[in-house]
Amino acid sequence: MSEFRIAFCIICHKYTPVLQELIDRLSVPGNGIFVHVDRKARMKDFAALSGKVRFVTPRIDIRWGDYGQICCMRRLYEATRSGDYRYIVLLSGDTLPLYDMTYIREFLAASYARNTEFVAMQSHLNLEEFYGKVRTAHYVPVLRWGGKRSLREKLRIKYAKHFRPARNPLFGKVPPLEKGCNWITITDRLRDYALEYARTHPDYNRFFRYTSCGDEIYFHTILGSSPLAGNNTRQSLMFADWNVPIGPKVLDNTDIDRLAALHITPGGGRTQPYLFARKIADDIDLVRFRKAVLGE
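Residues numbered from 1 in each chain as written. Predicted model: local features only at pLDDT ≥ 70, side-chain atom pairs only at ≥ 80, totals over all residues. Heavy atoms only, no water.

1. Concerning the packing of helix H1 (residues 17–26) against helix H10 (residues 286–294)
- Between H1 and H10, the least distance of the axes is 12 Å, while the angle of their chain directions is 45°. As summarised for this structure, H1 and H10 are arranged oblique, according to the angle between their axes. As for how H1 packs across H10, the hand of that crossing is right-handed. On H10, the residues that touch Pro17, Glu21 and Arg25 of H1 are Leu286, Arg290 and Leu294. (Axes fitted to C-alpha atoms, helices over the stretch in contact; angles between N-to-C directions. Helix = DSSP H or I, 4+ residues; strand = E, 2+ residues; numbered from the N terminus. Parallel < 35°, antiparallel > 145°, perpendicular 65-115°, else oblique. Left-handed = near helix turned anticlockwise from the far one by under 90°. Contact = heavy atoms within 4.5 Å.)

Listed below in structure tokens is the structure:
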């Protein structure tokens, strides 16, 4: 079984006990672990992971909703092209597995034999919100969320408003757009197809430089117009609770029993299990989590 290779790609911005637990769980024969640490973080904080993971460089300064998130995902996927990895699983640093690694590896091995992709797609879009993210030109690197803006930042914002396009100049010149969860699990087939598409369609990349939250659209759209679209379950293997005013909910000790119950009924008409969950609180009781969710 160890000959079936899986690449786990992790995007993180801080070292936490949850991240360490995730790395320890993933560290079994046949798994490769690729970690991108936000450029704003100090690498010395991640010293405990040395020898267990491959840190992907150069690092990117990732801002919420920015094109940098897409660049980070592409960089991680490029790093997995050597190593004969069959599945590439994208995770955040605040993720924990809901099953032991034996089950996860067996599930993915069986899924690969069926050519299965796990890329969630929204069946119904709020078009006003959606077009606001892709038709209006966004300049996320200019903005800093929260806090008082410096004079330099104010001048950059004024410049963007008056001298840059107000509308995305490439809107309507890309394939039909799809949207969904950005924590996707894809085969090496889709990875290679998507990276080649990005390489040969520079305007596609330029289009996303103007978008907000394009990481929820970029790979989904490529898949939706690809020969592999029929292999997609349109479901993610990642659980997150969006039933809060500002989501996803940070899952803490009060959610442990609910996470354990996902083994019995994932709900929502799902045909696939949840293999992982996020956003896990930094101070979650890991001993209790292991006992209730993993049966240890």
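2. Some remarks on the nonpolar core
- Residues Ile10, Leu108 and Leu259 are the most contacted members of the largest nonpolar core, which totals 89 residues.
- Residues contacting leucine 108, with those up to four places away along its chain left out, are Phe4, Ile6, Tyr87, Val89, Phe118, Thr185, Leu237 and Leu275. (Core = buried A, V, L, I, M, F, W, Y, C linked by side-chain atoms within 4.5 Å. Buried < 20%, exposed > 50% of the residue type's maximum accessible area, 1.4 Å probe, protein only.)

3. Comments concerning unusual backbone geometry
- Residues threonine 57 and proline 58 are joined by a peptide bond in cis, for which omega reads -5°.
- Summarising the element assignment, proline 58 is placed in the loop between strand E3 (54–55) and helix H2 (68–79).
- Of the consecutive residues arginine 278 and lysine 279, the connecting peptide bond is found in the cis state with omega at -5°.
- Summarising the element assignment, lysine 279 is placed in the loop between strand E8 (276–277) and H10.
- Its identity is not glycine, yet cysteine 213 carries a phi of approximately 60°, on the positive side.
- Phi is positive for arginine 234, close to 60°, though the residue is something other than glycine.
- Relative to the assigned elements, arginine 234 resides in the loop between helix H8 (218–224) and strand E7 (238–239).
- The exposure class of arginine 234 is partly exposed, given its relative accessible area of 39%.

4. Examining H1
- Among the 10 residues in H1, 8 count as buried, and that is most of the element.
- All of the buried residues along H1 are Val18, Leu19, Gln20, Glu21, Leu22, Ile23, Arg25 and Leu26.

5. Here's the deal with the packing of aromatic side chains
- In the structure shown here, the tally under the stated rule is 17 aromatic pairs.
- Ring centres of tyrosine 87 and phenylalanine 118 lie 6.2 Å apart, and the angle between their planes is 40°; this geometry places the pair in the tilted category. With tyrosine 87 in strand E4 (residues 87–92) and phenylalanine 118 in the loop between helix H3 (101–113) and helix H4 (127–134), the pair connects residues that are 31 residues apart, well separated along the chain.
- Phenylalanine 118 sits in the buried class, given a relative accessible area of 1%.
- Centre to centre, the rings of phenylalanine 239 and tyrosine 274 are 5.2 Å apart; their planes meet at 75°, and the pair counts as edge-to-face. With phenylalanine 239 in strand E7 and tyrosine 274 in the loop between helix H9 (256–261) and E8, the pair connects residues that are 35 residues apart, well separated along the chain. You'll find phenylalanine 239 and tyrosine 274 in the same group, each marked buried.
- Within the aromatic cluster, the residues linked to one another by ring pairs are Phe4, Tyr87, Tyr99, Tyr103, Phe107, Tyr112 and Phe118.
- Lying over the aromatic face of tyrosine 112, arginine 189 brings its terminal NZ or CZ to 4.1 Å of the ring centre.
- When the ring centre of tyrosine 274 is taken as origin, the NZ or CZ atom of arginine 270, which lies over that ring, is 3.8 Å away. (Phe/Tyr/Trp six-rings, centres within 6.5 Å; stacked < 30°, edge-to-face > 60°. Lys NZ or Arg CZ within 6 Å of the ring centre and 35° of its normal.)

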